[in-house]
Amino acid sequence: MLTHIDKSNLPSMVDVSEKENSIRVASAISSIQLPEQMRDYFTGDDFKLKKGPVFQTAIIAATMAVKKTHETIPLCHQVPIESCKVNIEVNDDLRVDVTCKVRTSYKTGIEMEALHGAMVACLTIYDMCKAVSHNMVIGETKLLSKSGGKSPVLNNVKGLILTGGKSSRMNRDKALIEYKNRPHALYLKSLLEKYCDEVFISSRKGQWDGTPLESEKLLFDDEKMTGPVAGMLAAFNRDPSANWIVIACDLPYINESTIETLIENYDPSKVAVSFKNKEKGFAEPLCTLYTNKAREVFEKAYLEDTRCPVKVLKSVETIALEQRGKINLSNINTPTEYQEAKEFLAKGESI
Ligand SMILES: Nc1nc2c(ncn2[C@@H]2O[C@H](COP(=O)(O)OP(=O)(O)OP(=O)(O)O)[C@@H](O)[C@H]2O)c(=O)[nH]1
């Protein structure tokens, strides 16, 4: 049923009066390609022109546009904007990416506000720079993520279940042991499929021949590499533009809340969103949402002989959230820990 058309086939605003308020966040991106002549005006963090500072003006324009979205888009609701963050990045080839993240506690989504803000920022950049040259192209504009509705949406996201370890402390494959009546890697796969465009099982070549994982979508490590970073780099290289949710196969308490919290906190300007280790506070790297900035960081670290993903995350900008409520990243490595976790889960408790 089309909700924007009433019984007489006339356009009408969707009635949200009966809906509950909830926290809603949306993030959108728009890009503009600047011409080579603009390079001369770049100061390192903005373009300074006679008309004024380009990015500062674009950020103000985006914020104003976000607040006025309902005045431009006919059937949009008037949503109280509680936060609007605009981030602008310049690429080496002078493509400028504007991301606009908007937040409200209201009854309806705010992706139109985020898209409007990002697009108006690009139009403003065009207007500021056109005295230098009109040779500019406003390019792709798209929603990156939204949350607060039924379930959060993140565009261009793939899933990776890490199973390439040796499981030497467990004495049997941690990816195949069962907490929920099926090999745990398959449970994690079906969980990630709810949110991801595609989910891969990361392993060493030939590792799962003759097992229930053999027919799954496997992604093999580069044979010259070892450790979880080998699996992560195989994924980041398979699709460098994607966001990747990476989950180790030895985490029995991963659930919808875990994945949805990562998605809700997605920020394309950071390398990753993760959770803090409960005892030591560092960002956990093996239950983490990586943005497309992660590939370069992990490749450089690997070449410099840093194989520990915890150390890599410590060296970059990462969001590290508290493990609260239903979120528990305890990992299980030994037969005794496995028995305890299985008994705990059998009681029907989620964590
Ligand atoms: N793809 C890939 N994943 C790995 C590799 N080594 C470890 N992992 C995964 O990374 C996560 C953490 O692994 P660890 O617990 O540190 O190591 P493990 O080999 O699984 O277990 P132990 O032998 O008992 O240390 C698990 O999900 C592993 O399957 C690897 O070389 N390649």
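Reading the values: rules and limits
- Residues numbered from 1 in each chain as written.
- Predicted model: local features only at pLDDT ≥ 70, side-chain atom pairs only at ≥ 80, totals over all residues.
- UniProt positions renumbered as here; feature names shortened; annotations may be inferred.
- Helix = DSSP H or I, 4+ residues; strand = E, 2+ residues; numbered from the N terminus.
- Buried ≥ 20, exposed ≤ 12 C-beta atoms within 10 Å, placed from the backbone.
- Contact = placed C-beta atoms within 7 Å.
- Near = placed C-beta within 6 Å.
- Nonpolar A, V, L, I, M, F, W, Y, C, P; charged D, E, K, R; others polar.
- Axes fitted to C-alpha atoms, helices over the stretch in contact; angles between N-to-C directions.
- Parallel < 35°, antiparallel > 145°, perpendicular 65-115°, else oblique.
- Left-handed = near helix turned anticlockwise from the far one by under 90°.
- Pairing = 2+ DSSP bridges.

Naming follows an unreviewed UniProt entry, where the protein chain appears as Probable molybdenum cofactor guanylyltransferase of Halobacteriovorax marinus. Within the UniProt record for the protein chain, the comment given under Pathway (unreviewed entry) is "Cofactor biosynthesis; molybdopterin biosynthesis."

Participant: When you look at the environment of Val316 in this model, what are you seeing that I'm missing?
Facilitator: Counting through the fold element by element, Val316 comes out in the loop between helix H8 (309–314) and strand E14 (318–321). The partly exposed category is assigned to Val316, around which 16 C-beta atoms lie within 10 Å. For the pair Val316 and Ala294, spaced 22 residues apart in the sequence, the C-alpha separation amounts to 9.4 Å. Leave out the neighbours within four places in its chain, and Val316 touches Val271 and Val297.

Participant: Looking at this model, I keep getting lost on the site of the ligand. Mind explaining?
Facilitator: In the neighbourhood of the ligand, 22 residues make up the surrounding shell, with Gly164, Gly165, Arg169, Gly231 and Ala248 lying closest. Counting only elements with at least two residues in the shell around the ligand, the list comes to strand E9 (198–203) and helix H5 (228–238). At 3 residues, the largest contribution of residues to the shell around the ligand is made by H5. In terms of residue class, the shell around the ligand is built from 6 nonpolar, 11 polar and 5 charged.

Participant: Honestly, the packing of H5 against helix H7 (residues 294–303) in this entry has me stumped. Any pointers?
Facilitator: The description of two helices packed together rests on the angle between their axes and the distance between the axes. At a closest axis distance of 10 Å, the pairing of H5 and H7 adopts a crossing angle of 140 degrees. Judged on the interaxial angle alone, H7 and H5 are oblique. The way H5 lies across H7 gives a crossing that is left-handed. Contact with H5, carried on its side by Val229, Met232, Leu233, Phe236 and Asn237, involves Ala294, Arg295, Phe298, Glu299 and Tyr302 of H7 and no other residues of that element.

Participant: Quick question: what am I supposed to make of the sheet that holds strand E10 (residues 218–220) here?
Facilitator: Hydrogen bonds along the backbone pair up the strands of a sheet, which may run parallel or antiparallel. Strand order across the open sheet formed by 7 strands is E10-E9-E8-E11-E13-E12-E14, with mixed pairing between neighbours. Two strands lie at the open edges of the sheet, namely E10 and E14, each paired on one side alone. Averaged over all adjacent pairs, the angle separating strand axes in this sheet is 25 degrees, with direction ignored. In terms of strand pairing, E9 meets E10 through 3 bridges, oriented parallel. Among the inter-strand pairings, Ser203 is bridged to a residue of E10, identified as Phe220.

Participant: Even after reading the chapter, I still don't get the UniProt feature "binding site: Mg(2+)" (unreviewed entry) in the protein chain, so can you show me in this structure?
Facilitator: Here, the residues flagged by UniProt with the feature "binding site: Mg(2+)" (unreviewed entry) are Asp250. The topology assignment puts Asp250 in the loop between strand E11 (243–248) and helix H6 (256–264). A count of 24 C-beta atoms within 10 Å places Asp250 in the buried class.

Participant: Please clarify how the sheet that holds strand E4 (residues 83–90) should be interpreted in this entry.
Facilitator: Spatially, 5 strands are ordered E4-E5-E1-E6-E7 in an open sheet, and the strand pairing comes out antiparallel. Edge strands, defined here as strands with exactly one partner in the open sheet, are E4 and strand E7 (153–154). In this structure, strand E1 (residues 22–33) lies alongside strand E6 (residues 137–147), joined through 8 bridges in antiparallel fashion. In the sheet register, Val25 faces E6, and the bridge partner there is Ser147.

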